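# Geometric and topological summary
Below are the chains, spelled out letter by letter.
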Amino acid sequence: TLGITELPVSSKLRVAILSNGDAGISPDSYIIPGKVPDINSYTLSTLVQQLGGTPVLFGITADNKDALFNVPSTALNECDSVLITVGSSNGRNGRPNSNN
């Protein structure tokens, strides 16, 4: 009734969410000593949704140079923004990981 036939619309921000670390496992996995369920991805996903964005879960990235370069690069090509959540540990068997 106002003669407005077009409205400016922006798309929802697509946010890639990925976890990093060899100790991370899916929350629905069997608990293994030394492993930690990845709840950060799901918490961040909910927050992105509440803020009007579209979360895209990229899972748990291995703790090595190639994965730490390739997965975020792929995520950034597919999404507008990338959130990376990491934990802290000493690596396998309580010793720093020298493979990185």
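Heads up: these notes are all about the structure in this document. Since this is a predicted model, take the numbers as computed values, not measurements. (Residues numbered from 1 in each chain as written. Predicted model: local features only at pLDDT ≥ 70, side-chain atom pairs only at ≥ 80, totals over all residues. Heavy atoms only, no water.)

## Here's the deal with the overall build of the protein chain
For the protein chain, the count of helices and strands is two helices and five strands. Starting at the N terminus and walking to the C terminus, you meet the elements of the protein chain as β-β-β-α-β-α-β. Across the 100 residues in the protein chain, those meeting the buried criterion constitute 21%. Considering only contacts in the protein chain between residues 6 or more positions apart, those separated by 24 or more positions represent 65%. On the protein chain, roughly 7,400 Å² of surface is accessible, and the fraction owed to carbon and sulfur atoms is 55%. (Helix = DSSP H or I, 4+ residues; strand = E, 2+ residues; numbered from the N terminus. Buried < 20%, exposed > 50% of the residue type's maximum accessible area, 1.4 Å probe, protein only. Contact = heavy atoms within 4.5 Å. Areas by Shrake-Rupley, 256 points an atom, 1.4 Å probe, with all protein chains shown as cover.)

## Some remarks on the nonpolar core
General note: in soluble globular proteins, nonpolar side chains tend to be found buried as a group. In this structure, Ala-16, Leu-18, Val-56, Ala-75 and Cys-79 together form the largest nonpolar core, which totals five residues. Apart from residues no more than four positions distant in its own chain, Leu-18 is found in contact with Phe-58, Gly-59, Thr-61, Val-71, Pro-72, Ala-75, Val-82, Leu-83, Ile-84 and Thr-85. (Core = buried A, V, L, I, M, F, W, Y, C linked by side-chain atoms within 4.5 Å.)

## Notes on the sheet that holds strand 5 (residues 81–86)
Strand order in this open sheet of three strands is 4-1-5, and the pairing throughout is parallel. One side of each edge strand has no neighbouring strand; the edge strands of this open sheet are strand 4 (54–61) and strand 5. Averaged over neighbouring strand pairs, the angle between their axes works out to 20° when direction is ignored. As defined by bridge partners, strand 1 (residues 14–20) adjoins strand 4 across six bridges and the pair is classed as parallel. Across the sheet, Arg-14 pairs through a bridge with Thr-54, a residue of strand 4. Here helix 1 (residues 40–50) sits on the sheet in contact with strand 1, strand 4 and strand 5, set at roughly 165° to strand 4. Across the sheet, helix 2 (residues 65–78) lies against strand 1, strand 4 and strand 5, angled at about 165° from strand 4, the strand it touches most. (Pairing = 2+ DSSP bridges. Axes fitted to C-alpha atoms, helices over the stretch in contact; angles between N-to-C directions.)

## A word on helix 1
Listed as buried for helix 1 are Ser-41, Ser-45 and Val-48. Looking down the long axis of helix 1, one finds its buried residues gathered within 65° of arc, a one-sided arrangement. As for helix 1, its buried residues are in contact with strand 1, strand 4 and strand 5. Phi for Gly-52, located one or two positions after helix 1, is positive at around 95°. (Arc of directions from axis to C-beta.)

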